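Close look at the chain arrangement
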Amino acid sequence: MADRFHIAVKGIREAAQRARSRADKLHLGMRAVNARAAVLLFQWVMRNFRAEGRLHDSASLHWPPLAPSTKLARIRRNLRTGRRGRNIRSRIRALPIGAGVTPMLVDTGTLRGGFVPRWTSRQAILENYVPYARVHEEGTTRIPKRKMLPAPTQAIQIVRPVYGEHVRLSVR
């Protein structure tokens, strides 16, 4: 008769229960974690507007400069809505090149102000319902692409500390 080989593993049920408990703890508080992530992304977009698109890691995503005709139109519009009583042409000649030019993609502030952070227990969301937001984000044949949102790899770098901290605290 051959010898029998027998292995007894003890504690599998307890280990599985501890793992489930840790997984449950990981899901607790996700709404707050996603809120922090959404706000971080929102803050990055606001800083990107102030930096006129220079916060992107990739130089290819930096915003191209405004066309001279766009700058001139902005100066004229800003002067028209400003002081009255003097000839616009004489005022334009007297101004330095950058005077009266608002930051790129900010004329009235509607596009920049249209970004709203939202969150659920499953996702962090940064949305903008301004109709022309997609035109600037993706570009057209006439309008150059000026990405307002971070690239996916950069977005992960921005929110990784928030999720990493949550995981560390949950699996203790």
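None of these values were measured; they are calculated from a predicted model.

Rules and cut-offs
- Residues numbered from 1 in each chain as written.
- Predicted model: local features only at pLDDT ≥ 70, side-chain atom pairs only at ≥ 80, totals over all residues.
- Heavy atoms only, no water.
- Helix = DSSP H or I, 4+ residues; strand = E, 2+ residues; numbered from the N terminus.
- Buried < 20%, exposed > 50% of the residue type's maximum accessible area, 1.4 Å probe, protein only.
- Contact = heavy atoms within 4.5 Å.
- Areas by Shrake-Rupley, 256 points an atom, 1.4 Å probe, with all protein chains shown as cover.
- Phe/Tyr/Trp six-rings, centres within 6.5 Å; stacked < 30°, edge-to-face > 60°.
- Core = buried A, V, L, I, M, F, W, Y, C linked by side-chain atoms within 4.5 Å.
- Salt bridge = Lys/Arg side-chain N within 4 Å of Asp/Glu carboxyl O.
- Expected span 1.5 Å × (residues − 1).
- Pairing = 2+ DSSP bridges.
- pLDDT = per-residue confidence, 0-100.

**Some thoughts on the overall build of the protein chain**
- Each helix and strand in the protein chain was counted, giving 7 helices and 2 strands.
- Ordered by position in the sequence, the α and β elements of the protein chain form the string α-α-α-α-α-β-β-α-α.
- Here the protein chain, with 172 residues, has 28% of them falling under the buried criterion.
- By sequence separation, contacts in the protein chain at least 24 residues apart represent 64% of the contacts at least 6 residues apart.
- If you sum the accessible surface of the protein chain, you get close to 12,400 Å²; carbon and sulfur atoms cover 57% of it.

**A few points about the packing of aromatic side chains**
- Using the criterion set out here, one finds 2 aromatic pairs in the structure.
- Summarising the aromatic geometry, the rings of phenylalanine 49 and tryptophan 63 are spaced 5.7 Å apart at their centres and angled 85 degrees between planes, so their arrangement reads as edge-to-face. In this pair, phenylalanine 49 is assigned in helix H2 (residues 30–50) and tryptophan 63 in the loop between H2 and helix H3 (68–81), connecting sequence segments 14 residues apart. Of the two residues, phenylalanine 49 and tryptophan 63, both sit in the buried class.
- Residues phenylalanine 49 and phenylalanine 115 carry aromatic rings whose centres are separated by 6.1 Å and whose planes lie at 65 degrees to one another, so their mutual orientation is edge-to-face. Taken as a pair, phenylalanine 49 in helix H2 and phenylalanine 115 in strand S1 (residues 115–119) lie far apart in primary sequence, 66 residues in all.
- Grouped by ring-pair contacts, the aromatic residues Phe49, Trp63 and Phe115 constitute a single cluster.

**Remarks on the nonpolar core**
- One finds Val45, Phe49, Leu111, Phe115 and Met148 to be the most contacted residues of the largest nonpolar core, which totals 20 residues.
- Elements with a minimum of two residues in this core: H2 and helix H7 (152–170).
- Discounting residues that sit within four places of it in the chain, valine 45 has contacts with Phe115, Leu126, Met148, Leu149 and Pro150.

**Concerning the pattern of salt bridges**
- Tallied over the entire structure, the rule returns 5 salt bridges.
- Where arginine 54 meets glutamate 52, a salt bridge forms, and the shortest distance between an N and an O atom there is 4.0 Å.
- Arginine 54 gets classed as exposed once you look at its relative accessible area, which sits at 51%.
- According to the relative accessible area criterion, glutamate 52 is partly exposed, its value standing at 22%.

**Points about H2**
- Given a rise of 1.5 Å per residue, 21 residues ought to cover 30 Å, and the 30 Å separating the end C-alpha atoms of H2 matches this to within 8%.
- Met30, Val33, Asn34, Ala35, Ala37, Ala38, Leu41, Trp44, Val45, Met46, Asn48 and Phe49 are the residues of H2 that are buried.
- Backbone geometry just downstream of H2 places glutamate 52 in the positive-phi region, at approximately 55 degrees.

**Digging into the pairing of S1**
- Judged from the 5 bridges that link them, S1 and strand S2 (residues 124–128) form a sheet pairing that is antiparallel. Pairing of phenylalanine 115 across the sheet is with asparagine 128, part of S2.
- Linking S1 back to S2 in an antiparallel pair, the connection comprises 4 residues.

**Re the environment of proline 64**
- Along the chain, the position of proline 64 falls in the loop between H2 and H3.
- C-alpha of proline 64 to C-alpha of arginine 146: the two residues are 82 residues apart in sequence and 7.3 Å apart in space.

**Examining the confidence of the model for the protein chain**
- Put simply, the protein chain has an average pLDDT of 80, and 72% of its residues get 70 or more.
- The weakest mean pLDDT in the protein chain belongs to helix H4 (residues 88–94) at 50; the strongest belongs to S1 at 94.

**What to know about unusual backbone geometry**
- Even without glycine at this site, glutamate 52 takes up a positive phi of about 55 degrees.
- As for its placement among the helices and strands, glutamate 52 is situated in the loop between H2 and H3.

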